[in-house]
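# Descriptive structure summary
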Amino acid sequence: MGEIRFMKGNEALAEAAIRAGMQGYFGYPITPQSEIVEYLAMQEPNHDYVLVHAESEVASINMLYGGAGAGSRVMTTTSSPGFSLMQEGVSYIACAELPCVIANISRGGPGLGTIQASQGDYFQAVKGGGHGDYNLIVLAPNSVQEMVDHTIMAFELADKYNTPALILTDGAIGQMMEKVVLPEPIEYKPNKPWATTGKTKDRERNYITSLYIKSEDMEQKNFKLQAKYKEIKENEVRFESYKIDDAEIIIVSYGVSSRTSKKVVDLAREKGIKVGLLRPITLWPFPTEEIARLSKLDSTKFFLSVEMSVGQMVEDVKLNVEGRKPVYMYGRTGGIMMTPEEILEYAVKKYEEG
Amino acid sequence: MREGYEVVYKRPKSLIETRMHYCPGCFHGTVHKLLMEVLDEMEIVEKTIGVCPVGCSVFAYDYMNVDMQEAAHGRAAAVATAISRLHPDKYVFSYQGDGDLAAIGTAETIHACNRGENIVFIFINNGIYGMTGGQMAPTTLKGQITTTSPHGRDPINAGMPLKMSEIVSGFDGVAYVERVSCNTAGNARKTKKALEKAMKISEQKIGTSFIEVISNCPSGWKCTPVQSLDWIKDEQIPYFPLGVIKEPGK
């Protein structure tokens, strides 16, 4: 049994990174994730990690590149506009196949937007975000406990596949306080023979690059990346199902919206309407097969994507339903938290329309 | 090798034996060689990690037999910061051109220097974007013709050329700043001495070193290598004077 604490989501993420053996943190303040850099700055004297308060998110993502390339377990965190600034660097990191962890505690946009919670960065997170053909492993915690669990998982997955792992959650999960169970600290020993740690006599030089100037080389690199992504899709899909077996209405929802959606399931069932929830835990790889499976069941009447955006994840739901069943979307933006009642009202309306 | 002869000017051990992509007359090859000579002579190859930029020297890792990282355009200072912080016992150098270090990467350069990161910056200032075909750089001289200043750099539109060495020498975190060139054999020897001094300062962990190398670009300047040396002497050095700008204890 680990240590039990009452923590903010952002602080829990930071504490989990320390316990995961993080060796370097590079960050820049932005609401609603600033508690992460503040917590790590406060804790720095008690631990061995390096912390640099970077001059911008552009700098912090490139520090992440340097630190990951030099073989260390490293992390940066930000919120939506900052994540936009990082995209060039993320693309480089993905191409150079450097393991590292990025967290986006997202807020409402577009533009400077609002500091309130949002899920409007889904496309940016799961479709690459920067230039070129790449994907990130994207984890979507929906509780303070999962901020801890997913942070540790993100470091492990990043190292397993030599790829950046993104924690995509929202300002609500980042700011809320809940009970958490913290694991024992991991004694992390890097085993990265490819890293730039100084060329010893017994090996050739190591170099980190994302440059493949010959067309044939670039295509081979893309084949290699795609083979890795295929392996990740086969092995790392994670989701949670709630009252899904006999459901006529399948809500698909992640992050803070999935908590509201769970309540919708219970309220609907009190009214005798069979609603179930599919919560993707990995947004990439997406639970494609599970959605396809559910769409083939006679009992399934329709899907309802619930997300704090104008409809982003709904496109991936539709892609996997492949027209077998109707797919609807309910969402609010601007940081407005949906109530279970308004979602239920929408679901019932669609249900009664048949 | 003929009997009784000794090679006194040779390829340093850590300069990889391959055909360089640099244009004839370009200083990159010279500076690469000098840097590798310094690492070999100081016996610090195993303790050195380099960062190369986007620009003509993007392939520096093909020539330098040390661990290296190729950074995004302008971000070498940030990449080098992380490497240096996580490997404080290593020598970290950042090899960058003027477009990279002084235009797109100005913020990273300034802040890394201001933090006093233990990095040796090797700043190749040839007043032009070589790799993209000769466009105006922040260090292009007043009146200098480039493909994006075809009527000559006009300070009204483009400002005056940035003096990065003077700028960074104002930061407490910066220990050593020297401007050198390789336009003569004597100046090339001074460049090597400056690189060696910077590496020794890095060992002492007393702040950032910044070596600006006034360089040429015969292809971009559309002249012969010999003419490029005259341009350096007559035009560049008067605006970017050579010498020590800042050093420890002074």
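Residues numbered from 1 in each chain as written. Chains lettered and ligands numbered in written order. Predicted model: local features only at pLDDT ≥ 70, side-chain atom pairs only at ≥ 80, totals over all residues. Heavy atoms only, no water.

Next up on the list: the overall build of chain A. Scanning chain A for helices and strands turns up twelve helices and 16 strands. The C-alpha radius of gyration computed for chain A amounts to 21 Å, which stays within 12% of the reference 20 Å derived for 354 residues, consistent with globular compactness. Taking the principal axes of its C-alpha atoms as reference, chain A extends roughly 70 × 50 × 40 Å. Across the 354 residues of chain A, 62% fall into the buried class. Within chain A, residue pairs in contact and separated by at least 24 positions form 79% of the contacts whose partners lie at least 6 positions apart. Within the structure as shown, chain A displays about 14,000 Å² of accessible surface, and the carbon and sulfur contribution to it stands at 51%. (Helix = DSSP H or I, 4+ residues; strand = E, 2+ residues; numbered from the N terminus. Rg over C-alpha atoms; globule rule 2.2 N^0.38 Å. Buried < 20%, exposed > 50% of the residue type's maximum accessible area, 1.4 Å probe, protein only. Contact = heavy atoms within 4.5 Å. Areas by Shrake-Rupley, 256 points an atom, 1.4 Å probe, with all protein chains shown as cover.)

This brings us to the layout of surface pockets. All names here are of chain A. Approximately 550 Å³ is the volume found for the largest pocket. What lines the largest pocket is a set of 19 residues, among which Tyr207, Thr209, Leu211, Tyr212 and Lys221 lie closest to the centre. Of all elements in the fold, only strand S10 (207-208) and helix H8 (215-235) reach the threshold of two or more residues within the lining of the largest pocket. The biggest single contributor to the lining of the largest pocket is H8, with four residues. Class assignment for the residues of the lining of the largest pocket results in ten nonpolar, two polar and seven charged. When its volume is computed, the second largest pocket comes out at roughly 370 Å³. If you go around the second largest pocket, you meet 18 residues; those closest to its centre are Lys233, Val237, Pro285, Phe286 and Thr288. Put simply, the parts of the chain that give the lining of the second largest pocket at least two residues each are H8, strand S14 (282-284), helix H10 (288-295) and helix H11 (313-321). Counted by class, the lining of the second largest pocket contains nine nonpolar, three polar and six charged residues. (1 Å grid on protein atoms, 1.4 Å probe; cavity = no way out; pocket = protein on both sides within 12 Å on 5 of 7 lines; lining within 4 Å. Points joined across faces, edges and corners; volume = space filled by probe spheres on them. Nonpolar A, V, L, I, M, F, W, Y, C, P; charged D, E, K, R; others polar.)

The subject of this paragraph is the state of the cysteines. Note on terminology: a disulfide is the covalent bond linking the sulfur atoms of two cysteines. Taken as a whole and assessed by the stated rule, the structure comprises zero disulfides over all chains. Its sulfur unpaired, Cys23 of chain B is 6.4 Å from the next cysteine sulfur, which belongs to Cys217 of chain B. (Disulfide = S-S within 2.5 Å.)

On to the pairing of strand S13 (residues 275-280) of chain A. All names here are of chain A. With six of its six residues buried, S13 lies for the most part within the structure. Burial along S13 is two-sided: the face carrying Val275, Leu277 and Arg279 and the face carrying Gly276, Leu278 and Pro280 are both buried. Here strand S12 (residues 249-252) pairs with S13 via four bridges, running parallel. Bridging across to S13, Ile250 finds its partner in Gly276. (Pairing = 2+ DSSP bridges.)

To continue, consider the packing of helix H3 (residues 57-69) of chain A against helix H2 (residues 76-86) of chain B. Packing of H3 of chain A against H2 of chain B brings their axes to within 7 Å, and their N-to-C directions diverge by 50°. The orientation of H3 of chain A with respect to H2 of chain B, classified from their angle, is oblique. Viewed along their axes, H3 of chain A and H2 of chain B form a crossing whose handedness is right-handed. Taking contact as the criterion, the partners of Ala59, Asn62, Met63, Tyr65, Gly66 and Gly67 of chain A in H3 of chain A are, on H2 of chain B, Ala78, Val79, Thr81, Ala82, Ile83 and Leu86 of chain B. (Axes fitted to C-alpha atoms, helices over the stretch in contact; angles between N-to-C directions. Parallel < 35°, antiparallel > 145°, perpendicular 65-115°, else oblique. Left-handed = near helix turned anticlockwise from the far one by under 90°.)

On to the interface of chain A and chain B, then. Each side of the interface is counted separately: chain A has 36 residues, and chain B has 34 residues. When the area that chain A buries against chain B is broken down by residue, the three leading residues are Glu55, Lys199 and Arg205 of chain A, summing to 23%. Here chain A and chain B share three salt bridges between them. Where Glu55 of chain A meets Arg115 of chain B, a salt bridge forms, and the shortest distance between an N and an O atom there is 2.8 Å. Mapped onto the side of chain A that touches chain B, the elements with two or more residues apiece are strand S2 (24-27), strand S3 (50-53), H3, helix H4 (80-96) and S10 of chain A. (Buried area = accessible area lost by both parts, 1.4 Å probe. Salt bridge = Lys/Arg side-chain N within 4 Å of Asp/Glu carboxyl O.)

Here we come to the packing of aromatic side chains. For the structure shown, the criterion picks out eleven aromatic pairs over all chains. Between Phe121 of chain B and Phe210 of chain B the ring centres are 6.0 Å apart and the planes differ by 45°, which places this aromatic pair in the tilted class. Pair noted here: Phe121 of chain B is in strand S4 (residues 120-125) and Phe210 of chain B is in strand S8 (residues 208-214), with a separation of 89 residues, a long-range link. Side by side, Phe121 of chain B and Phe210 of chain B carry an identical accessibility label, which is buried. Cluster of aromatic residues (ring-pair linked, three or more members): Tyr122, Phe123 and Tyr254 of chain A. For the cation-ring pair, Lys262 of chain A lies above Tyr242 of chain A, with the distance from its terminal atom to the ring centre recorded as 4.9 Å. Positioned over the ring face of Tyr239 of chain B is Lys163 of chain B, at 4.3 Å from the centre of the ring. (Phe/Tyr/Trp six-rings, centres within 6.5 Å; stacked < 30°, edge-to-face > 60°. Lys NZ or Arg CZ within 6 Å of the ring centre and 35° of its normal.)

Once that is clear, we can look at helix H1 (residues 9-19) of chain A. H1 of chain A sits mainly inside the fold: ten of its eleven residues count as buried. Buried within H1 of chain A we find Gly9, Asn10, Ala12, Leu13, Ala14, Glu15, Ala16, Ala17, Ile18 and Arg19 of chain A.

Right, let's talk about the sheet that holds strand S7 (residues 174-181) of chain B for a bit. Ordered in space as S10(A)-S2(B)-S1(B)-S3(B)-S4(B)-S8(B)-S7(B)-S9(B), the eight strands form an open sheet in which the pairing is mixed. This sheet does not close on itself; its edge strands, each paired only once, are S10 of chain A together with strand S9 (243-246) of chain B. For strand S3 (residues 91-97) of chain B and S4 of chain B, the ladder comprises five bridges, and the chain directions are parallel. Counted as the bridge partner of Gln96 of chain B is Phe123 of chain B from S4 of chain B.

Residues and elements named next belong to chain B. For Ala112, the position within the fold is in helix H4 (residues 106-114). Taking C-alpha positions, Ala112 is 9.8 Å from Val168, a pair spaced 56 residues apart along the chain. If sequence neighbours within four positions are ignored, Ala112 has contacts with Ala77, Thr81, Glu117, Phe121 and Thr208.

Residue and element names in this part refer to chain A. In this structure, Leu40 and Met75 are the most contacted members of the largest nonpolar core, which totals 141 residues. Residue contributions to this core peak at ten residues, all from helix H6 (residues 144-161). Both domain 1 (3-235) and domain 2 (240-353) contribute no fewer than three residues apiece to this core. Contact partners of Met75, with chain neighbours within four places excluded, come to Leu13, Ala17, Met22, Gly24, Tyr25, Phe26, Ile36, Leu40, Leu64, Val101 and Phe155. (Core = buried A, V, L, I, M, F, W, Y, C linked by side-chain atoms within 4.5 Å. Domains from an automatic or database assignment.)

Another point: the environment of Glu212 of chain B. Residue and element names in this part refer to chain B. Structurally, Glu212 is set in strand S8. The class for Glu212 is buried, based on a relative accessible area of 0%. Between the alpha carbons of Glu212 and Arg179 there is a distance of 4.6 Å; along the sequence they are 33 residues apart. Apart from the residues within four sequence positions on either side, Glu212 is in contact with Phe123, Asn125, Ser165, Glu178, Arg179, Val180 and Phe240. Side chain to side chain, Glu212 and Ser165 meet in a polar contact 2.5 Å long. (Polar contact = N/O pair within 3.5 Å; in protein donor to acceptor, adjacent residues only side chain to side chain.)

This part takes up the pattern of salt bridges. As enumerated under the stated definition, the model contains 41 salt bridges over all chains in all. In this structure, Glu46 of chain B and Lys201 of chain A form a salt bridge, with 2.8 Å as the shortest nitrogen-oxygen distance. Linking Glu46 of chain B in the loop between helix H1 (27-42) and strand S1 (48-52) with Lys201 of chain A in the loop between strand S9 (177-182) and S10, this pair reaches from one chain into another. Residue class for Lys201 of chain A comes out exposed when judged on its relative accessible area of 73%. Residues Glu117 of chain B and Arg85 of chain B are paired through a salt bridge, measuring 2.9 Å at the closest nitrogen-oxygen approach. Taken as a pair, Glu117 of chain B in the loop between H4 and S4 and Arg85 of chain B in helix H2 lie far apart in primary sequence, 32 residues in all. Through salt bridges with shared partners, one network takes in Glu3, Arg5, Glu15 and Arg19 of chain A.

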